[in-house]
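For reference, the chains in residue letters:
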Amino acid sequence: METIVLGIGETLVRDDRHWASWANWLGVPAHTLSALVGAAVAQGRDATDALRVLRPDMDVDEAYLARAAAGRGEHLDESDLYPDVRPALAELRAAGVRVVVAGNGTVRAGELLRALDLPADLVVTSDEWGVRKPDPAFFARVAEVAEAEPSATLYVGDHPADDLFPAAAAGLRTAHLRRGAYGHWWAEHPDVVGTADFRINALTELVGVAGGHTSRPEDVNGAAGAHPARPAFEDGRGEAGAGRPARVSYLRGL
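Summarised in this report is the structure supplied together with it. (Residues numbered from 1 in each chain as written. Predicted model: local features only at pLDDT ≥ 70, side-chain atom pairs only at ≥ 80, totals over all residues. Heavy atoms only, no water.)

**A closer look at the overall build of the protein chain**
Then step 1. Across its full length, the protein chain carries twelve helices and six strands.
Then step 2. For the protein chain, the residues scored as buried account for 49% of the 254 residues in total.
Then step 3. Sequence separation of at least 24 residues holds for 60% of the intrachain contacts in the protein chain that already meet a minimum separation of 6.
Then step 4. Accessible surface computed for the protein chain: about 11400 Å², of which carbon and sulfur atoms make up 52%. (Helix = DSSP H or I, 4+ residues; strand = E, 2+ residues; numbered from the N terminus. Buried < 20%, exposed > 50% of the residue type's maximum accessible area, 1.4 Å probe, protein only. Contact = heavy atoms within 4.5 Å. Areas by Shrake-Rupley, 256 points an atom, 1.4 Å probe, with all protein chains shown as cover.)

**Thoughts on the nonpolar core**
Then step 1. Formed by 32 residues in total, the largest nonpolar core has its most connected members in I4, L6, L154, V156, L203 and L206.
Then step 2. Those elements that place two or more of their residues in this core are strand 1 (3–6), helix 5 (85–94), strand 2 (98–103), helix 6 (107–115), strand 4 (153–157), strand 5 (173–177), strand 6 (198–200) and helix 12 (206–210).
Then step 3. Of the residues forming this core, the biggest block, four residues, is contributed by helix 5.
Then step 4. Setting aside chain neighbours within four positions, we find L6 in contact with T11, L12, L89, V99, V100, V101, A102, Y155, V156, L203 and L206.
Then step 5. Ranked by size, the runner-up nonpolar core spans 20 residues in total, among them V28, L51, M58 and A196. (Core = buried A, V, L, I, M, F, W, Y, C linked by side-chain atoms within 4.5 Å.)

**Considering the side chain of T106**
Then step 1. Inspection of the secondary structure assignment puts T106 in the loop between strand 2 and helix 6.
Then step 2. Those residues within four positions of T106 in sequence are excluded, and the remaining contacts are Y64, E74, T125 and D127.

**Notes on the sheet that holds strand 4**
Then step 1. Read across the open sheet, the six strands follow the order 3-2-1-4-5-6; overall the sheet is parallel. Edge strands, defined here as strands with exactly one partner in the open sheet, are strand 3 (122–125) and strand 6. Strand-to-strand twist of the sheet, defined as the mean angle between neighbouring strand axes without regard to direction, takes the value 20 degrees.
Then step 2. Pairing of strand 1 with strand 4 involves four bridges; the strand directions are parallel. Opposite T3, over in strand 4, you have T153 as the bridge partner. (Pairing = 2+ DSSP bridges. Axes fitted to C-alpha atoms, helices over the stretch in contact; angles between N-to-C directions.)

**Things to note about helix 2 (residues 30–42)**
Then step 1. End to end, helix 2 covers 18 Å across 13 residues, agreeing with the expected 18 Å (1.5 Å per residue, within 8%).
Then step 2. Buried within helix 2 we find L33, V37, A40 and V41. Projection of helix 2 onto a plane perpendicular to its axis shows the buried side chains occupying an angular sector of 100 degrees, all on one side. Structural note: helix 2 exposes H31 and A35 on the side pointing more than 90 degrees away from its buried face.
Then step 3. In this structure, the buried residues of helix 2 make contact with helix 1 (16–26), helix 3 (49–54) and helix 10 (180–185). (Expected span 1.5 Å × (residues − 1). Arc of directions from axis to C-beta.)

**A short note on the packing of helix 1 against helix 2**
Then step 1. The contact between helix 1 and helix 2 brings their axes to 8 Å, and the two run at 120 degrees. One element, helix 1, and the other, helix 2, form an angle in the oblique class. Note that helix 1 runs across helix 2; the crossing there is right-handed. Judged by residue contacts, W19, W22 and A23 of helix 1 engage A30, L33 and V37 from helix 2.
Then step 2. A breakdown of the residues in the contact of helix 1 with helix 2 according to their chemical character gives six nonpolar, no polar and no charged. (Parallel < 35°, antiparallel > 145°, perpendicular 65-115°, else oblique. Left-handed = near helix turned anticlockwise from the far one by under 90°. Nonpolar A, V, L, I, M, F, W, Y, C, P; charged D, E, K, R; others polar.)

**Observations regarding the pattern of salt bridges**
Then step 1. Throughout the structure, instances matching the rule amount to 16 salt bridges.
Then step 2. Note that D121 and R93 form a salt bridge whose closest N and O atoms lie 3.2 Å from each other. Pair noted here: D121 is in the loop between helix 6 and strand 3 and R93 is in helix 5, with a separation of 28 residues, a long-range link.
Then step 3. A relative accessible area of 37% places R93 in the partly exposed class.
Then step 4. K133 is the partner of D163 in a salt bridge, and the nearest nitrogen-oxygen pair spans 2.5 Å. On the criterion of sequence distance, the pair formed by D163 in helix 9 (residues 160–169) and K133 in the loop between helix 7 (126–129) and helix 8 (136–146) is long-range, its members being 30 residues apart. An identical accessibility class is assigned to D163 and K133; each is buried. (Salt bridge = Lys/Arg side-chain N within 4 Å of Asp/Glu carboxyl O.)

**A closer look at the packing of aromatic side chains**
Then step 1. Counted under the stated rule, the structure contains three aromatic pairs.
Then step 2. On the numbers, 5.2 Å between centres and 75 degrees between planes, the contact of F138 with F139 is edge-to-face. The pair F138 / F139 is uniform in exposure class, with both members buried.
Then step 3. Of note, R67 hangs over the ring of W22, and the distance from its end group to the ring centre comes to 4.5 Å.
Then step 4. Over the aromatic face of Y82 sits the side chain of R179, whose NZ or CZ is 4.1 Å from the ring centroid. (Phe/Tyr/Trp six-rings, centres within 6.5 Å; stacked < 30°, edge-to-face > 60°. Lys NZ or Arg CZ within 6 Å of the ring centre and 35° of its normal.)

Written out as structure tokens, the structure is:
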């Protein structure tokens, strides 16, 4: 593998501060919002739907700007990183792998991430690109900045609908990370198992992946890996698609 591209939320960065800050802004206990986020994840919905359960008429983007104007905007520091982030990225770079961080996030999130001086060749967010996952245009940009062929580029993320399926559809190799609510809840779904080239529990496992084979391997956990032919996924009508990775029916809201 020549290039490894990693998402941001629940891949590099823990989301607990993010949701706790929203709970504080809305004046509800943190565990209440966490429970609602968990329910949204289990239903295959966007996690921000939890905010709309509490405030049905809320415009999330406007609320984000209001929080920033009140001095309660985004914050990110070393404590928000998962403990395996720095050692894993450093090992990958030492092994000669190009490391790119590219995921959904604001311009401010990009600034905060770059201020952490991660061992990465490029750190960029969706708002800086003007396109968000799972839009195919986002993964076209990933392919551009990878500076490697798609078959030699691995996209790593926890979210099946935002990370795994669209990255595979773009021709990139994929690693599903069992981390965060989406990563754990959907890890054993057959469409996730069938699509992911690798399934990992920690970023430090990527060092072994980077030095592995270019053909489709067994997954890192020792179970059978993804199949040589991509499986068909259900479309919004419950019908099988034309063998293309797409969102399964119960992930349509993601």
